[in-house]
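So you can see what is in the structure, the chains are spelled out below.
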Amino acid sequence: MNDRTKNEFSDREALLYHSHGRPGKIEIIASKPMATQRDLALAYSPGVAVPVRAIADDPATAYDYTAKGNLVAVISNGTAILGLGNLGALASKPVMEGKAVLFKRFADVDSIDIEVATEDPEAFINAVQLLEPSFGGINLEDIAAPNCFIIEQTLKERMNIPVFHDDQHGTAIITAAGLINAAWLTGRELEDMKVVVNGAGAAAIACTELIKALGVRHDNVIMCDRKGVIWQGRTEGMDQWKSAHAAKTEARTLEEALKGADVFLGLSAAGALKPDMVMDMAKAPIIFAMANPDPEISPPDAKAARPDAIIATGRSDFPNQVNNVLCFPFIFRGALDVRATTINDAMKIAAARAIAQLAREPVPEEVAAAYGGRAASFGHEYIIPAPFDPRLMEVVPAAVARAAMFSGVAQRPIEDMDAYRQSLRARLNPTTSVLTLAYEAARKNPRRVLFAEAEEEVVLRAAIQFREGGYGIPVLVGRDGVRDKLKELGVADPDSFELHNAKHSPLVQDMTDRLYERLQRRGYLRRDCERMVNRDRNIFGALLLEMGHADAMLTGVTRTYAQTMRELRYVLDPAEGRTPFGIHVLVGQHHTVFMADTTVNERPSAELLAQIARETAAVARRMGHEPRVAFLSYSTFGNPPGNWLDNIRDAVAILDAEGAEFEYEGEMAPDVALNMKMLAKYPFARLSAPANVLVMPGLQSANLSAKLLRELGGDSVIGPMLVGMEKPVQIAPMAASASELVTLAVLAAGGIAN
Ligand SMILES: NC(=O)C1=CN([C@@H]2O[C@H](COP(=O)(O)OP(=O)(O)OC[C@H]3O[C@@H](n4cnc5c(N)ncnc54)[C@H](OP(=O)(O)O)[C@@H]3O)[C@@H](O)[C@H]2O)C=CC1
Ligand SMILES: CC(=O)C(=O)O
Ligand SMILES: [Mg+2]
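Because the structure is predicted, anything quoted here is derived from the model rather than measured. (Residues numbered from 1 in each chain as written. Chains lettered and ligands numbered in written order. Predicted model: local features only at pLDDT ≥ 70, side-chain atom pairs only at ≥ 80, totals over all residues. Heavy atoms only, no water.)

1. Side note on the sheet that holds strand β15 (residues 581-587)
Right, so step 1: If you walk across this open sheet you meet the 6 strands as β18-β17-β19-β16-β15-β20, and the pairing is mixed. Strand pairing shows two members of the sheet lacking a second neighbour, β18 (663-668) and β20 (716-723), which therefore form its edges. For this sheet, the mean inter-axis angle between neighbouring strands, taken without regard to orientation, is 20°.
Right, so step 2: One ladder, built from 5 bridges, connects strand β17 (residues 628-632) with β18; its direction is parallel. When the bridges of β18 are listed, L632 appears paired with M668.
Right, so step 3: Each of β15, β16 (592-596) and β20 is contacted by helix α29 (residues 699-712), which is oriented at about 145° to β16, the strand it contacts most. (Pairing = 2+ DSSP bridges. Helix = DSSP H or I, 4+ residues; strand = E, 2+ residues; numbered from the N terminus. Axes fitted to C-alpha atoms, helices over the stretch in contact; angles between N-to-C directions. Contact = heavy atoms within 4.5 Å.)

2. As for the coordination of the magnesium ion (ligand 3)
Right, so step 1: All of the protein donors around the magnesium ion (ligand 3) are E141 (OE), D142 (OD) and D167 (OD); their distances to the metal are 2.0 to 2.1 Å.
Right, so step 2: Donor residues for the magnesium ion (ligand 3), ordered by position in the chain, follow E-D-x24-D. Placement of D142 in the loop between β3 (137-140) and α7 (147-158) and of D167 in helix α8 (residues 166-185) is noted, with a sequence separation of 25 residues between them.
Right, so step 3: Judged by relative accessible area, which is 2%, D142 ranks as buried.
Right, so step 4: Relative accessible area serves as the criterion here: at 14%, D167 is assigned to the buried category. (Donors = N, O, S within 2.8 Å, 3.2 Å for Na, K, Ca; no water. Buried < 20%, exposed > 50% of the residue type's maximum accessible area, 1.4 Å probe, protein only.)

3. So, the site of ligand 1
Right, so step 1: If you check the shell around ligand 1, you find 27 residues, and the closest are A200, A203, R226, K242 and N324.
Right, so step 2: For ligand 1, an oxygen atom lies 2.7 Å from a polar atom in the side chain of R226.
Right, so step 3: One of the backbone N or O atoms of S268 is found 3.2 Å from an oxygen atom in ligand 1.
Right, so step 4: Protein chains shield 86% of the accessible area of ligand 1, which is 910 Å² for the free molecule.
Right, so step 5: At the level of secondary structure, the elements contributing two or more residues to the shell around ligand 1 comprise α8 and α9 (202-213). (Near = heavy atom within 4 Å. Polar contact = N/O pair within 3.5 Å; in protein donor to acceptor, adjacent residues only side chain to side chain. Areas by Shrake-Rupley, 256 points an atom, 1.4 Å probe, with all protein chains shown as cover.)

4. Focus: the site of ligand 2
Right, so step 1: All residues adjacent to ligand 2 are L82, K99, E141, D142, D167, N292, N323 and N324.
Right, so step 2: One nitrogen or oxygen atom from the side chain of K99 is found 3.0 Å from an oxygen atom belonging to ligand 2.
Right, so step 3: Its free accessible area being 210 Å², ligand 2 has 87% of it covered by the protein chains.
Right, so step 4: Residues that form the shell around ligand 2 fall into these classes: 1 nonpolar, 3 polar and 4 charged. (Nonpolar A, V, L, I, M, F, W, Y, C, P; charged D, E, K, R; others polar.)

5. Let's talk about the sheet that holds β3
Two modes of strand pairing occur in sheets, parallel and antiparallel, and in both the strands are linked by backbone hydrogen bonds.
Right, so step 1: The strand order β2-β1-β3-β4 describes an open sheet built from 4 strands, whose pairing is parallel. What marks the edges here is a single partner per strand, and that holds for β2 (110-115) and β4 (163-165). Averaged over all pairs of adjacent strands, the angle between strand axes in this sheet comes to 20°, irrespective of strand direction.
Right, so step 2: In terms of strand pairing, strand β1 (residues 71-76) meets β2 through 6 bridges, oriented parallel. Considered in β2, the bridge of A73 is made with I112.
Right, so step 3: Running at roughly 165° to β2, helix α5 (residues 93-107) makes contact with β1, β2 and β3 of the sheet.
Right, so step 4: Against the sheet, helix α13 (residues 328-337) engages β1, β3 and β4, with an angle of about 160° to β3.

6. Notes on empty space enclosed by the protein
Right, so step 1: Inspection of every chain in the model, using the stated rule, returns 4 cavities of 30 Å³ or more.
Right, so step 2: Size it by volume and the largest cavity reaches roughly 60 Å³.
Right, so step 3: Contributing to the lining of the largest cavity are R105, F106, F330, P387, F388, D389, P390, M393, L428 and S433.
Right, so step 4: Grouping the constituent residues of the lining of the largest cavity by class yields 7 nonpolar, 1 polar and 2 charged. (1 Å grid on protein atoms, 1.4 Å probe; cavity = no way out; pocket = protein on both sides within 12 Å on 5 of 7 lines; lining within 4 Å. Points joined across faces, edges and corners; volume = space filled by probe spheres on them.)

7. What about the UniProt feature "binding site: NADP(+)" (unreviewed entry) in the protein chain?
Right, so step 1: UniProt records the feature "binding site: NADP(+)" (unreviewed entry) at I81, L82, G83, L84, G85, N86, L87 and G88, using the numbering of this structure.
Right, so step 2: With respect to the helices, strands and loops of the structure, L84 is situated in the loop between β1 and α5.
Right, so step 3: For L84, a relative accessible area of 47% corresponds to the partly exposed category.
Right, so step 4: Not counting residues within four places of it along the chain, the set of residues in contact with L84 comprises N292 and P293. (UniProt positions renumbered as here; feature names shortened; annotations may be inferred.)

8. Considerations on the packing of helix α21 (residues 508-519) against helix α22 (residues 526-535)
Right, so step 1: The geometry of α21 relative to α22 is characterised by a closest axis approach of 9 Å and an angle of 125° between their N-to-C directions. Accordingly, the angle class assigned to the pair α21 and α22 is oblique. Taken as a pair, α21 and α22 cross one another with a handedness that is right-handed. Between α21 and α22, the contacting residues are V508, Q509, M511, T512, D513, L515, Y516 and L519 on the first element and R526, C529, E530, M532, V533 and N534 on the second.
Right, so step 2: Of the residues assigned to the contact of α21 with α22, the class counts are 8 nonpolar, 3 polar and 3 charged. (Parallel < 35°, antiparallel > 145°, perpendicular 65-115°, else oblique. Left-handed = near helix turned anticlockwise from the far one by under 90°.)

9. Let's talk about helix α6 (residues 121-129)
Right, so step 1: Within the span of α6, buried status applies to P121, F124, I125 and V128. Down the axis, α6 shows its buried residues gathered within 100° of arc, on one side only.
Right, so step 2: Where the residues of α6 are buried, they touch β1, β3 and α7.
Right, so step 3: You can read the cap of α6 off the contacts: a side-chain oxygen lies 3.1 Å from the backbone nitrogen of E122, and it is on D120. (Arc of directions from axis to C-beta.)

Following this line, the structure appears as structure tokens:
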């Protein structure tokens with residue numbers, strides 16, 4: 001099934017995403033040096049024996065000497081994979097790997113997936129309980145009811161670390177948060193609401209229990225399963241967990257149950273709710289269709305049937321994503337940080353209330369972009385924060401940690417809550433967040449980005465991703481065969497891509513006139529210009545940009561950087577009063593460093609070094625970092641002496657004279673700039689912490705360093721970003737991947753790099 005109409009991607013792309021490069025979504029990275037014989041002697045035998053003995057003497061020290069305290073296992077037997085049913089342990093692995101990386105992405109929790117091939121609850125319990133030494137917490141996932149209840153309850157009793165069945169409690173917490181807000185918006189009290197729950201499995205039972213604990217009355221809830229209403233007296237297909245929620249009612253079908261109901265909570269399967277069933281619901285009904293990947297009813301169908309409804313789904317591509325991803329990373333973060341022995345009801349309710357409260361608060365400007373084009377103020381289309389809202393990381397773990405401390409399950413209470421909240425913020429790499437925000441800003445304001453080298457498969461894949469991610473409209477430059485290639489890449493409607501080919505373009509005459517006007521006094525004849533327009537894709541593309549057929553341009557994979565720059569400069573000028581230059585951004589989990597000028601100016605003057613410092617500091621700020629600029633040199637404050645230092649010293653003096661409003665210092669060697677211990681040897685230096693903006697003394701050292709880091713460094717590298725051109729244009733590295741190209745296209749369109 002190639003399902004582009006339903007999803008933002010085709011099935012082929014989903015498979016490519018998973019198989020590309022290293023198969024799967026997860027890898028393990030060593031957190032300690034492993035370079036030398038001595039490192040190995042410490043990491044493994046004989047050094048490792050020392051922590052072994054320490055842990056044997058005092059088991060609590062495992063949290064000090066191993067990764068246990070920040071490590072969660074995501075464990076499944078694959079009996080209820082999303083709403084796809086029992087497809088087995090192996091088939092659940094992509095989901096479990098996905099959950100593991102979401103733990104890392106959203107809350108810096110290290111996580112590993114474990115698939116256990118048994119449907120026998122006792123065998124499953126035995127397997128998991130034996131894993132206690134390895135982990136700080138256990139996240140059970142996609143295990144079908146009713147065995148999931150037995151499994152979780154037994155493991156909670158037998159294990160002394162948090163055990164949390166995400167489909168039950170993560171879902172219940174986020175459902176409760178959404179429901180509290182939807183009730184508030186529609187002027188309802190929880191105790192008066194008539195609720196129909198469709199599904200009677202892991203998620204449905206736990207959601208029902210939590211909303212009842214929060215005030216929804218037992219008599220006001222009707223639960224349905226595949227056989228219809230679970231009514232008091234029904235015997236078929238029952239178990240003790242369903243019986244506990246059996247209703248005293250004459251209704252026997254979902255349709256009957258929904259008459260006059262205020263709320264539909266769907267935790268069942270795709271398409272279970274038909275539009276005509278919602279017609280008889282109460283005024284301003286609340287419809288949470290949470291089955292994944294496809295909801296019980298699509299939001300457009302629900303909206304068409306009931307325009308007055310508040311509608312939520314489990315998906316990210318509709319407003320109001322009620323999905324446990326909003327909960328599980330953050331609840332574990334809080335639980336791990338206080339070394340909680342369990343995740344109890346007080347912690348769950350604290351998480352639900354914190355999430356509900358966050359949605360009611362105004363969204364700060366720097367977070368607004370995270371909401372893309374969607375409503376970002378509390379209302380029908382925004383009852384719940386989006387998972388990539390960075391405030392969740394600060395608010396939810398802190399609420400959970402506090403509740404754990406008050407309810408007496410925290411083994412290591414937090415002494416300074418303010419400092420803890422700060423440390424939570426620091427765990428999120430701002431560049432990752434800013435890139436997310438840049439992506440969302442692009443979705444909010446989609447621009448036309450010209451991909452000048454559309455014959456290249458990598459460029460076409462980037463253009464497809466760019467369009468289907470909703471980041472903007474790709475404008476392609478390439479020959480006619482490009483449409484066949486689009487088809488080969490799974491695009492059903494290649495004609496819907498705007499393609500410019502100089503061979504047929506009616507714009508060539510006009511372009512030639514413009515180029516001739518620019519170049520006639522630089523020794524070019526009109527026929528030279530005509531040839532350039534017809535033959536050079538960068539010149540042709542830049543003219544399209546110049547003439548307003550695109551808002552930004554991306555090129556670079558078929559020619560060297562310098563050659564591409566030369567071609568672009570026939571058409572495009574630097575922005576007034578600025579000299580273009582390049583920035584590489586080095587992104588690690590715990591640090592981000594901006595390095596400039598890595599691409600354009602061979603020996604920058606003092607004035608240019610000062611401009612590079614100023615503008616790179618501004619880019620760093622736009623990406624969420626308070627800049628601390630170091631002017632790098634082989635020499636630190638005059639030692640060793642040399643002839644190349646004057647420019648740097650003059651650049652510092654220029655910034656002094658103009659009263660630059662960021663920290664800067666120089667000249668200094670990279671180890672001084674980046675290492676606090678070295679920096680401390682120069683107490684007069686005006687950097688309060690290691691530098692995060694490195695202004696390089698010349699292109700030789702800058703370009704070499706950037707390329708070495710790109711090829712050898714463990715961190716990921718963004719860029720180079722070209723800044724200072726009159727029009728947003730980016731030159732990608734020749735070896736750029738499709739996702740690197742998409743990032744550059746987004747940065748160009750979104751203005752971060754300009
Ligand atoms: N948005 C979110 O965050 C989450 C969503 N979910 C979704 O909830 C659903 C259930 O997951 P989970 O509880 O883990 O699975 P379970 O297997 O434990 O439960 C499934 C339940 O759904 C019922 N069901 C299935 N089809 C229908 C139908 N057509 N009409 C009525 N009831 C039906 C089953 O009925 P019976 O008992 O008769 O077999 C069963 O009670 C999935 O679609 C899942 O994706 C789950 C967790 C989180
Ligand atoms: C979101 C989730 O956990 C599920 O659909 O199973
Ligand atoms: Mg699940």
